[in-house]
Amino acid sequence: METWLVIGISGVTNGGKTTLAKSLESYLLSQQGKGFFKENLMLNRVVALCQDDYFLPVDSPKHCVIEKLNHINWEILSSLDMERMCYDIMKLLGHKFILYNCQQLRAQERGSECGGIVDQVEPMVQDEDNIFADHFLTNFLRKYDENGNGGAAGTGSGSSGGSGRTTNWIKKSKNEPFHNVSIKLNVLLLEGFLLFNHPITLDLCGIKFHIHLPYEKCYSRRLQRVYDPPDVVGYFEMCVWPMYEKHYKEFKDRKDIYVLNGEIPQENIFNYVLNCIKDLL
């Protein structure tokens, strides 16, 4: 059974999320086969997926068009093939997998010393419990199994998924603390501007980072980029920024998401993220 730590990197357009994801991927690849911040953790596989690779083609009938601009709204989930992205993630995670829930482990080991990441810790679940509480994820996993694409299903209590059921943390044996369990840890890096606005990718990410920029800085950076298809006049003001504010509002108060200042140097952001991961593990 593969053990995965899923790290999510989201952010405003031109905030630096792709740069951060690539820097983190490069660093992690250099650490494969080595100890990973803790004596009992060895870094095994490192894989990265980008949400931008799942944009629907321009001629897709699923797109929403902004009539005033005669331009596709690329800033919403319906502009993405999220079902295909989720299937790709599930195929990657495998038939049976464990999600390394570092926040839960850290809370169990250190009690209240969580640095404000979580307010309270849910009690340990039993093997038969459904740890993917979100019904969207539960239904997706069941559908995934029914279609014969890996068997990673059966997550609901009362489900008949049996051995295909997934779990989302390293379980503690009765007489052995977490830090004595030797683990080969795979890391999946997910990067995307709407990563935390989709129930499945939100649920899967064990560590979450979001890069924010103020309007003026974001706009000035956007002007320096060339898109295909290109932005039309007014697209940023009428669509990009309002959609970003709407989506950011959906998760900005979550305590399990680190909000990063995209105005500071990329090297500083990278070092901070690395320290956060080290601290949480």
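Scroll up a little and you will see the structure.
Residues numbered from 1 in each chain as written. Predicted model: local features only at pLDDT ≥ 70, side-chain atom pairs only at ≥ 80, totals over all residues. Heavy atoms only, no water.

**A word on the overall build of the protein chain**
Then, in step 1: Counting its regular elements, the protein chain contains 8 helices and 9 strands.
Then, in step 2: Counting every position in the protein chain, which comprises 281 residues, the buried fraction comes to 50%.
Then, in step 3: Sequence separation of at least 24 residues holds for 74% of the intrachain contacts in the protein chain that already meet a minimum separation of 6. (Helix = DSSP H or I, 4+ residues; strand = E, 2+ residues; numbered from the N terminus. Buried < 20%, exposed > 50% of the residue type's maximum accessible area, 1.4 Å probe, protein only. Contact = heavy atoms within 4.5 Å.)

**Describing unusual backbone geometry**
Then, in step 1: Look at the link from aspartate 228 to proline 229: it is a cis peptide, with omega at 0 degrees.
Then, in step 2: Relative to the assigned elements, proline 229 resides in the loop between α6 (215–223) and α7 (235–249).
Then, in step 3: One non-glycine residue, asparagine 14, lies in the positive phi region at around 65 degrees.
Then, in step 4: We classify asparagine 14 as buried; its relative accessible area is 12%.
Then, in step 5: Unusually for a residue other than glycine, asparagine 70 sits at a positive phi of about 50 degrees.

**A look at the packing of helix α1 (residues 17–30) against helix α8 (residues 266–280)**
Then, in step 1: Where α1 meets α8, the closest approach of the two axes is 10 Å, and the angle between their N-to-C directions is 55 degrees. Compared by their axis directions, α1 and α8 come out oblique. Our pair here, α1 against α8, has a crossing hand that is right-handed. On α8, the residues that touch Thr19, Leu20, Ser23, Leu24 and Tyr27 of α1 are Gln266, Ile269, Phe270, Val273, Leu274 and Ile277.
Then, in step 2: Grouping the amino acids of the contact of α1 with α8 by side-chain chemistry returns 8 nonpolar, 3 polar and no charged. (Axes fitted to C-alpha atoms, helices over the stretch in contact; angles between N-to-C directions. Parallel < 35°, antiparallel > 145°, perpendicular 65-115°, else oblique. Left-handed = near helix turned anticlockwise from the far one by under 90°. Nonpolar A, V, L, I, M, F, W, Y, C, P; charged D, E, K, R; others polar.)

**A word on the pattern of salt bridges**
Then, in step 1: Evaluated as defined, the whole model comprises 5 salt bridges.
Then, in step 2: Of the charged contacts, one joins glutamate 250 and lysine 246 as a salt bridge, the two residues approaching to 3.5 Å between their closest N and O atoms.
Then, in step 3: A residue is classified by how much of its surface remains accessible, and lysine 246, at 43% relative accessible area, is partly exposed.
Then, in step 4: Among the salt bridges present, the one from arginine 254 reaches aspartate 256, with a minimum N-O distance of 2.7 Å.
Then, in step 5: Arginine 254 sits in the partly exposed class, given a relative accessible area of 34%. (Salt bridge = Lys/Arg side-chain N within 4 Å of Asp/Glu carboxyl O.)

**Brief notes about the side chain of serine 10**
Then, in step 1: With respect to the helices and strands, serine 10 occurs in strand β1 (residues 2–11).
Then, in step 2: By relative accessible area, which is 0% here, serine 10 ends up buried.
Then, in step 3: Polar side-chain contacts of serine 10 include one of 3.2 Å to the backbone oxygen of glycine 192.
Then, in step 4: Residues within four places of serine 10 in sequence aside, it is in contact with Lys17, Gly192, Phe193, Leu195, Phe196, Phe209, His210 and Ile211. (Polar contact = N/O pair within 3.5 Å; in protein donor to acceptor, adjacent residues only side chain to side chain.)

**Let's talk about the environment of methionine 85**
Then, in step 1: If you trace the backbone, methionine 85 turns up in helix α2 (residues 82–93).
Then, in step 2: For methionine 85, a relative accessible area of 0% puts it in the buried group.
Then, in step 3: For the pair formed by methionine 85 and aspartate 53, sequence separation is 32 residues and the distance between their alpha carbons is 8.7 Å.
Then, in step 4: Residue contacts for methionine 85: discarding those within four places in its chain leaves Gln51, Tyr54, Leu190 and Leu195.

**Focus on the environment of glycine 11**
Then, in step 1: Assignment of secondary structure puts glycine 11 in strand β1.
Then, in step 2: Here glycine 11 falls in the buried class, since its relative accessible area comes to 2%.
Then, in step 3: With 198 residues separating them in the primary sequence, glycine 11 and phenylalanine 209 have C-alpha atoms 8.0 Å apart.
Then, in step 4: Leaving out residues up to four positions away in the same chain, glycine 11 has contacts with Lys17, Gly192, Phe193, His210, Ile211 and Tyr244.

**Concerning the nonpolar core**
Most often, soluble globular proteins keep nonpolar side chains buried together rather than apart.
Then, in step 1: Within the largest apolar cluster, 42 residues are counted, with the highest numbers of intra-cluster contacts made by Ile89, Leu93, Leu188 and Leu190.
Then, in step 2: No other element matches the 8 residues that α7 contributes to this core.
Then, in step 3: Among residues more than four places away in sequence, those in contact with leucine 190 are Val6, Ile7, Gly8, Ile9, Leu49, Met85, Ile89, Leu195, Thr201 and Cys205.
Then, in step 4: With 30 residues, the next largest nonpolar core counts Ile7, Ile9, Leu185 and Tyr258 among its residues. (Core = buried A, V, L, I, M, F, W, Y, C linked by side-chain atoms within 4.5 Å.)

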